[in-house]
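# Structure at a glance
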Amino acid sequence: MSAPATSPAQAPANSRSRVLVASLIGTTIEFYDFYIYATAAVLVFPSLFFPNSDPTTALLSSFAVFGAAMVARPIGAVVFGHLGDRLGRKGTLVASLLTMGIATFLIGVLPTYEQAGWIATALLVLMRLAQGFALGGEWSGAALVATENAPKNKRALYGTFPQLGAPLGFIIGNGLFLIIGALLPSSAGADPSQPSEAFLSWGWRIPFLFSAVMVVIGLWVRMRLVEAPVFSKTREAGLVRKLPLATVFRSHWKQLLLGTFFMLATYVLFYLMTTFSLSYGRTATDAAVPGLGYSYTTFVLMMIFGVLFFAAFTLISGPLADKYGRRATLIWVTAAILVFGLVWVPLIGMGTLGVVLWLVLGFTLMGMTFGPMGALLPELFPTSVRYTGSGISYNVSSILGAAVAPFIAVALWEAADGSPWLVGVYLSSMALLTLISLLIGKETKDIALDEGETPAGSGTTADRDEAPVSPVAP
């Protein structure tokens, strides 16, 4: 007698360690790639790809290219979300990681403006768009791997592991830049806040080329995953949608809007503390638009110290969100971010101790607001459109928050004659919008992840708008 076929519901489950490592390592690599670009956008790209502009304009141009990737992220969320909701999470995550890795590696071999003129700048923009496209599909897939394989009462804790990739990627990326900078120091008499000729010539390329090694490791881990039972049950029941994007916009547009604004303050804080702060901290005190005047090495070490709090409080936020709820936790944290934006000048005015405290507080709040998002956004949507819905919310928010944050911050910094007080007010304003959205939203911690699925032919709006596809063998 032949053995009975194994249904998707009976498929072997991923072990806890496999889930946590797979969700962590991919986002660590993705954020590493993004961070090394952000660092290069401050250190070397203004002079290598925008050499004919004054320093402020070159920096703004470099940030504009940095922000261009955020525009590509929602497109990536739609494409990878469609594949993830139709075909499965595993293959989609592998594809997004490969796309990011190839684009990052190619940045490391690009010619400069001096070598190829405008073609070099155009290629940089193209590779940056590819990075954004890939990251658009990475985060939501990693969050789904974590939360769809998690026990119900530990979803927020599991959801913090893909979020932990952000501080880890920062530490690895910036740590590598620090090592290279130490090995290739500026010559005697040169400005220590500026990179050396060797660094500008070839040293900056090393972190981009090194990403290939990390991608190989990430692919090995992710290829060992199996689909989560939640998605397998949805596929077996014939609930996979032909066009998840259409279903999301027709039946879940409120969740899309709320999810987008839930992330707004997080994104603004994230990029102010990691990108704007590096420019502000390194700029000389006697510059046309004065900054804090720290050397690159000194300020990055201060940032890395702050990022350790980012990592610690990302993990701490998970159990708190599981116990007290995602919404309640985030309301208090967002209110604290609003206050934090209003005390930038008093903190920074305290000297080095105040600057360190500013970085520690900012990164602590970053961990507390970023951690619960790994569970909250996926919980807003049913399984059949979860990859698409959570990805669009996360990445549209990147346009409203991250794409413009560094650009606006530099403009406000310049408008205030070197004072960051307007930048802090900008952060507080965005936190207010997020706080309002959280007050409007509802708690999600007690929902079942397969709740809200609609059987084929039930006559619901979603079924009338777009019929599910037939069951597909795994």
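Just above sits the structure.
All of these numbers come straight from a predicted model, not from anything done at the bench. (Residues numbered from 1 in each chain as written. Predicted model: local features only at pLDDT ≥ 70, side-chain atom pairs only at ≥ 80, totals over all residues. Heavy atoms only, no water.)

### Quick word on the overall build of the protein chain
Scanning the protein chain from N- to C-terminus turns up 22 helices and 0 strands. For the protein chain, the residues scored as buried account for 59% of the 474 residues in total. Sequence-distant contacts, at least 24 apart, represent 85% of the contacts inside the protein chain between residues at least 6 apart. (Helix = DSSP H or I, 4+ residues; strand = E, 2+ residues; numbered from the N terminus. Buried < 20%, exposed > 50% of the residue type's maximum accessible area, 1.4 Å probe, protein only. Contact = heavy atoms within 4.5 Å.)

### Re helix H20 (residues 405-415)
All of the buried residues along H20 are Ala 405, Pro 406, Ala 409, Val 410 and Trp 413. Summarising the axial view, the buried residues of H20 lie within an arc of 130 degrees, below the 170-degree limit, and thus occupy one face. Those residues of H20 hidden inside the fold are in contact with helix H3 (55-86), helix H13 (264-282), helix H19 (386-403) and helix H21 (421-440). Directly beyond the C-terminal end of H20, a positive phi value near 55 degrees is found at Asp 417. (Arc of directions from axis to C-beta.)

### Considering the pattern of salt bridges
Oppositely charged side chains are able to pair whenever their charged atoms sit close together. Tallied over the full model, the rule gives 8 salt bridges. Here Arg 89 and Asp 85 are joined by a salt bridge, their closest N and O atoms 3.1 Å apart. Across this residue pair, the class does not change: Arg 89 and Asp 85 are buried. Note that Arg 386 and Glu 148 form a salt bridge whose closest N and O atoms lie 2.9 Å from each other. Residue Arg 386 is located in helix H19, and its partner Glu 148 is located in helix H6 (residues 118-148); the two are separated by 238 residues in the primary sequence. Exposure class is identical for Arg 386 and Glu 148. Each is buried. By sharing partners, the salt bridges in this structure join Asp 85, Arg 89, Glu 148 and Arg 386 into a single network. (Salt bridge = Lys/Arg side-chain N within 4 Å of Asp/Glu carboxyl O.)

### Describing helix H4 (residues 89-107)
For H4, built from 19 residues, the straight-helix expectation of 27 Å at 1.5 Å per residue is met to within 8% by its first-to-last C-alpha distance of 28 Å. Every buried residue belonging to H4 is among Arg 89, Thr 92, Leu 93, Val 94, Ser 96, Leu 97, Met 100, Gly 101, Ala 103, Thr 104 and Ile 107, and all of these are buried. (Expected span 1.5 Å × (residues − 1).)

### Digging into the side chain of Arg 89
With respect to the helices, strands and loops of the structure, Arg 89 is situated in helix H4. A relative accessible area of 2% places Arg 89 in the buried class. A distance of 3.1 Å separates the side chain of Arg 89 from the side chain of Asp 85, its partner in a polar contact. At 2.7 Å, the side chain of Arg 89 and the side chain of Glu 148 are in polar contact. If we skip the residues at most four places from it in the chain, Arg 89 touches Gly 84, Leu 144, Glu 148, Glu 227, Phe 231, Thr 383, Arg 386 and Tyr 387. (Polar contact = N/O pair within 3.5 Å; in protein donor to acceptor, adjacent residues only side chain to side chain.)

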